[in-house]
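One-letter residues, chain by chain:
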Amino acid sequence: MLEFSDVGFTYHSDHILRSVTFGMKYGEFVFLIGKSGSGKSTLLQLIYFNLMPDSGEIIFENYSSRLIKPSLLPLLRRKIGIIFQDFKLIEDRTIYENLAFVLETVNTPAKKIKKRITEVLGEVGISHKIKSYPKELSGGEKQRVAIARAIINEPLLIVADEPTGNLDPGTSFEILELLKKINNRGTAVLIATHNYELLKKSSARILQLENGILKEVRNSV
Ligand SMILES: Nc1ncnc2c1ncn2[C@@H]1O[C@H](COP(=O)(O)OP(=O)(O)OP(=O)(O)O)[C@@H](O)[C@H]1O
Ligand SMILES: [Mg+2]
């Protein structure tokens, strides 16, 4: 599904990533760890082609970083759901409107929008917040909405950048469990995290970034 081959990325002559090579299969669950500034967010942005490598090649499905035309980027990004530490919900829109927005941008028929929103809010366990505004939700609830938004177009891969960074340990664990549940239905998940407690609660594969080099720390059991 995803293949990094000798990927290098430089920022203002700093080598953030050097010859990074790894792959992810359909349905895999992987953690990405590394100190602050080690390049985790950079690597995630390369996956959804928000950044482009300076050397090497990234292949996601049938898209290559060497060949992709900018006009095809929206199609690629539709296959990837993205989750951030700070949720990135639209504050002056309700939860329903936040989710409808994503479906409207991919021209979902009006009849299907309500049905799909009801489905995903049920999956993440916050159907009762459909008419609320983001500011009326707790951090954990907001992250559930962000997960609903990430899965609403049925992506192949979910990329999560510190999804529990703003949450207490109990809520972090619930969010991890929710991402595992989504993974169990076949969606691949890649989580960049500092949260070592979460790693202990899982036997998933772990990749580590250090000095621009990506190492396989633990293979899934
Ligand atoms: N647009 C940018 N502006 C400033 N610095 C950048 C930018 N892009 C990358 N960098 C630099 O790249 C390096 C890697 O940053 P990145 O955000 O990927 O690290 P990270 O592992 O996600 O860190 P954190 O754990 O703090 O989120 C840092 O040294 C950062 O300063
Ligand atoms: Mg980061």
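Structure shown above.
Residues numbered from 1 in each chain as written. Chains lettered and ligands numbered in written order. Predicted model: local features only at pLDDT ≥ 70, side-chain atom pairs only at ≥ 80, totals over all residues. Heavy atoms only, no water.

1. Details of the site of ligand 1
Line of reasoning, step 1. Contacts to ligand 1 come from Tyr11, Ile16, Lys35, Ser36, Gly37, Ser38, Gly39, Lys40, Ser41, Thr42 and His194.
Line of reasoning, step 2. Within the backbone of Gly37, a nitrogen or oxygen atom sits 2.8 Å from an oxygen atom of ligand 1.
Line of reasoning, step 3. Within the backbone of Ser38, a nitrogen or oxygen atom sits 3.3 Å from an oxygen atom of ligand 1.
Line of reasoning, step 4. Starting from 640 Å² of accessible surface for ligand 1 in isolation, the protein chains cover 58%.
Line of reasoning, step 5. Residues that form the shell around ligand 1 fall into these classes: 2 nonpolar, 7 polar and 2 charged. (Near = heavy atom within 4 Å. Polar contact = N/O pair within 3.5 Å; in protein donor to acceptor, adjacent residues only side chain to side chain. Areas by Shrake-Rupley, 256 points an atom, 1.4 Å probe, with all protein chains shown as cover. Nonpolar A, V, L, I, M, F, W, Y, C, P; charged D, E, K, R; others polar.)

2. Digging into the sheet that holds strand S1 (residues 2–11)
Line of reasoning, step 1. Strand order in the open sheet made by the 4 strands is S2-S1-S4-S5, with antiparallel pairing throughout. On the outer flanks of this sheet lie strand S2 (14–24) and strand S5 (63–64), each paired with one strand and no other.
Line of reasoning, step 2. Of the pairings in the sheet, the one linking strand S4 (residues 55–60) to S5 comprises 2 bridges and is antiparallel in character. Bridge pairing in S5 places Ile59 opposite Ser64.
Line of reasoning, step 3. Those strands touched by helix H1 (residues 40–47) are S1, S2 and S4, and its axis lies near 125° from that of S1. (Pairing = 2+ DSSP bridges. Helix = DSSP H or I, 4+ residues; strand = E, 2+ residues; numbered from the N terminus. Contact = heavy atoms within 4.5 Å. Axes fitted to C-alpha atoms, helices over the stretch in contact; angles between N-to-C directions.)

3. Describing helix H4 (residues 110–124)
Line of reasoning, step 1. Over its 15 residues, H4 extends 22 Å from the first C-alpha to the last, a length consistent with the 21 Å expected when each residue adds 1.5 Å.
Line of reasoning, step 2. For H4, the full list of buried residues reads Ile113, Arg116, Ile117, Val120, Leu121 and Val124. Each buried residue of H4 sits inside an arc of 130° when the element is viewed along its axis, so together they form one side. Seen from the buried face of H4, the exposed residues on the opposite side, beyond 90 degrees, are Lys111, Lys112, Lys114 and Lys115.
Line of reasoning, step 3. Against helix H3 (95–105), helix H5 (139–151) and helix H6 (169–184) lie the buried residues of H4.
Line of reasoning, step 4. Gly125, located one to two residues past H4, shows a positive phi value of around 80°. (Expected span 1.5 Å × (residues − 1). Buried < 20%, exposed > 50% of the residue type's maximum accessible area, 1.4 Å probe, protein only. Arc of directions from axis to C-beta.)

4. As for the packing of aromatic side chains
Given two aromatic rings, their pairing is described by the distance between the two centres and the angle made by the two planes.
Line of reasoning, step 1. Going through the model one piece at a time under the given rule, you end up with 2 aromatic pairs.
Line of reasoning, step 2. Residues Phe4 and Phe22 carry aromatic rings whose centres are separated by 4.8 Å and whose planes lie at 40° to one another, so their mutual orientation is tilted. With Phe4 in strand S1 and Phe22 in strand S2, this residue pair connects regions lying 18 residues apart in the sequence. For the pair formed by Phe4 and Phe22, the shared burial category is buried.
Line of reasoning, step 3. With 5.5 Å between their ring centres and 75° between their planes, Phe29 and Phe31 make a pair best called edge-to-face. The residues Phe29 and Phe31 share a single accessibility class, namely buried.
Line of reasoning, step 4. Its guanidinium or amino end placed over the ring of Tyr133, Lys135 lies 5.4 Å from that ring's centre, counting from NZ or CZ.
Line of reasoning, step 5. Lys201 extends its terminal NZ or CZ atom over the ring of Phe173, reaching a point 5.1 Å from the ring centre. (Phe/Tyr/Trp six-rings, centres within 6.5 Å; stacked < 30°, edge-to-face > 60°. Lys NZ or Arg CZ within 6 Å of the ring centre and 35° of its normal.)

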